[in-house]
Amino acid sequence: MQQRALGRTGRSVSAIGLGTWQLGADWGAVTEEDATAVLAASVDEGVTLFDTADVYGDGRSESIIGRFLAARPGHGITVATKMGRRLAQEPENYSPENFRAWTDRSRANLGVDTLDLVQLHCPPTAVIEDDATFDALDALVAGGAIAAYGVSVETTAQALAAIARPNVTNVQIIFNPFRLKPLDEVLPAAEAAGVAIFARVPLASGLLSGRYTATTTFASDDHRTYNRHGEAFDRGETFSGVDFETGVAAAAELAAALPDGVSLPAATLAWIASRPGVTSVIPGARNVRQAESNAAAAALLEGGFDLAAFDRAVRDVYDRDLRAAIHPHW
Ligand SMILES: NC(=O)c1ccc[n+]([C@@H]2O[C@H](COP(=O)([O-])OP(=O)(O)OC[C@H]3O[C@@H](n4cnc5c(N)ncnc54)[C@H](OP(=O)(O)O)[C@@H]3O)[C@@H](O)[C@H]2O)c1
């Protein structure tokens, strides 16, 4: 597994990491035993980055990771958590007092004195534009509660504003074959600034697994049921903002462009990880099989797979089926 520099921290993280929203809530039930097995399978395949958040299962995802890592001293894993989504999305809630309380809670959940990396969890734009936000985050670093910070964002404009901040370690943004806008400005700007990019929702919430049909349904406690049209949170998040039937058809077109023996999710993860400026791709996995095959997709970066040909197919399908509906929004 390729390991890549995490911004200017001196740490490195795997080209393919693990998203752990699934291990908290919102994707149907996952037992702690299964969640722990997903973490172990990922680490065994070379994954050294877990992405979590204080709000995933209201601390469940963080706590499961904390218990897992406590049993593996010297593990070399970087845990990137997030804060800010347990309160209403009002700029005044992003205060130094709340930052302290939120990071204290995450430190307890993860069982560490110093958090490796804390990302603001898609805050309002005003928070990213306010110098006081970054002064407060710098103070947390100086005080030793966190080692580094970043910003998870919804739009490319927010990403560019965060990249311009001098002490931001990473920006997390949706980037996948159905969401190409970060290629235009965000990835070049991040690379030039030495800011790491984490590509989230890389499989468009599973659409890019290629196994859904127009009639596929999800559990009632799965956001792919209750946020399909943005009813609960940002419309751009679930299925990365793509109309479900359009996404099923576009995934089938991409799958048809692949050689035998290369799966659509593997090709997708390798294509994302191979774009200049991307540090790590963080697919979510609901079981060990998914975790193993996602990590193993890193092997496609080492040759034997025609990434340029897949890149042409990605751009063709995007331009034809998706650009008009997606590009202007995020
Ligand atoms: N605002 C934010 O900062 C934010 C928002 C969203 C996500 N995230 C982070 O990004 C991570 C990744 O995004 P995501 O989990 O939303 O979406 P994703 O990675 O695009 O999709 C995950 C889903 O894809 C399917 N899948 C995964 N691996 C597969 C494989 N090998 N074969 C077939 N299907 C596979 C599974 O669907 P099934 O469930 O149908 O099996 C899984 O639940 C999250 O876990 C979280 O850490 C952050």
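Residues numbered from 1 in each chain as written. Predicted model: local features only at pLDDT ≥ 70, side-chain atom pairs only at ≥ 80, totals over all residues. Heavy atoms only, no water.

> Pulling in residues and values, what's your account of the overall build of the protein?
Along the backbone of the protein there are 12 helices and 10 strands. Here the protein has a C-alpha radius of gyration of 18 Å; the compact-globule value for 330 residues is 20 Å, and the two agree. Over its C-alpha atoms, taken along the principal directions, the protein stretches across nearly 55 × 40 × 40 Å. Buried residues in the protein amount to 56% of all 330 residues. A fraction of 76% describes how many contacts in the protein between residues 6 or more apart in sequence connect residues 24 or more apart. Carbon and sulfur atoms provide 51% of the accessible area of the protein, an area that totals close to 12700 Å². Distance between charge centroids for the protein: 2 Å, based on 27 positive and 41 negative side chains. (Helix = DSSP H or I, 4+ residues; strand = E, 2+ residues; numbered from the N terminus. Rg over C-alpha atoms; globule rule 2.2 N^0.38 Å. Buried < 20%, exposed > 50% of the residue type's maximum accessible area, 1.4 Å probe, protein only. Contact = heavy atoms within 4.5 Å. Areas by Shrake-Rupley, 256 points an atom, 1.4 Å probe, with all protein chains shown as cover. Lys, Arg positive; Asp, Glu negative; His and termini not counted. Charge placed at Lys NZ, Arg CZ, Asp CG, Glu CD.)

> Lay out the site of the ligand with the relevant residues and their values.
Around the ligand, the surrounding shell holds 32 residues, and the nearest of these are Asp-51, Ser-152, Arg-211, Tyr-212 and Arg-286. Pro-202 is positioned such that a nitrogen or oxygen atom in its backbone is 3.4 Å from an oxygen atom of the ligand. Interatomic distance of 2.8 Å between a side-chain N/O atom of Gln-290 and an oxygen atom of the ligand. Considered on its own, the ligand offers 910 Å² of accessible surface; in the complex 96% of this is hidden by protein. In terms of residues, the shell around the ligand owes the most to one element, helix α11 (residues 288–296), which gives three residues. Class assignment for the residues of the shell around the ligand results in 12 nonpolar, 13 polar and seven charged. (Near = heavy atom within 4 Å. Polar contact = N/O pair within 3.5 Å; in protein donor to acceptor, adjacent residues only side chain to side chain. Nonpolar A, V, L, I, M, F, W, Y, C, P; charged D, E, K, R; others polar.)

> An account of the packing of helix α10 (residues 264–273) against helix α12 (residues 307–326) is needed here, citing residue identities and associated values.
With their axes 10 Å apart at the nearest point, α10 and α12 run at an angle of 100° to one another. In this view, α10 runs roughly perpendicular relative to α12, as classed from their interaxial angle. Note on element contacts: α12 touches α10 through Leu-307, Phe-310, Asp-311 and Val-314, opposite Leu-264, Ala-267, Thr-268, Ala-270 and Trp-271. Looking at the contact of α10 with α12 residue by residue, the class counts come to seven nonpolar, one polar and one charged. (Axes fitted to C-alpha atoms, helices over the stretch in contact; angles between N-to-C directions. Parallel < 35°, antiparallel > 145°, perpendicular 65-115°, else oblique.)

> Describe the sheet that holds strand β9 (residues 196–200), with residues and values.
Strand order in the open sheet made by the eight strands is β3-β4-β5-β6-β7-β8-β9-β10, with parallel pairing throughout. One side of each edge strand has no neighbouring strand; the edge strands of this open sheet are β3 (18–19) and β10 (280–281). In this structure, β9 lies alongside β10, joined through two bridges in parallel fashion. Across the sheet, the residue bridging to Phe-198 is Ser-280, located in β10. (Pairing = 2+ DSSP bridges.)

> Please give an account of the pattern of salt bridges that cites residues and values.
What the rule picks out here adds up to 17 salt bridges. Across the pair Arg-107 and Asp-104 runs a salt bridge, and its minimum N-O distance is 2.7 Å. With Arg-107 and Asp-104 both in helix α3 (residues 96–110) and three residues apart, this pair spans about one turn of that helix. Overall, the relative accessible area of 33% leaves Asp-104 in the partly exposed class. Taken together, the shared-partner salt bridges in this structure form one network comprising Asp-58, Arg-86 and Arg-105. (Salt bridge = Lys/Arg side-chain N within 4 Å of Asp/Glu carboxyl O.)

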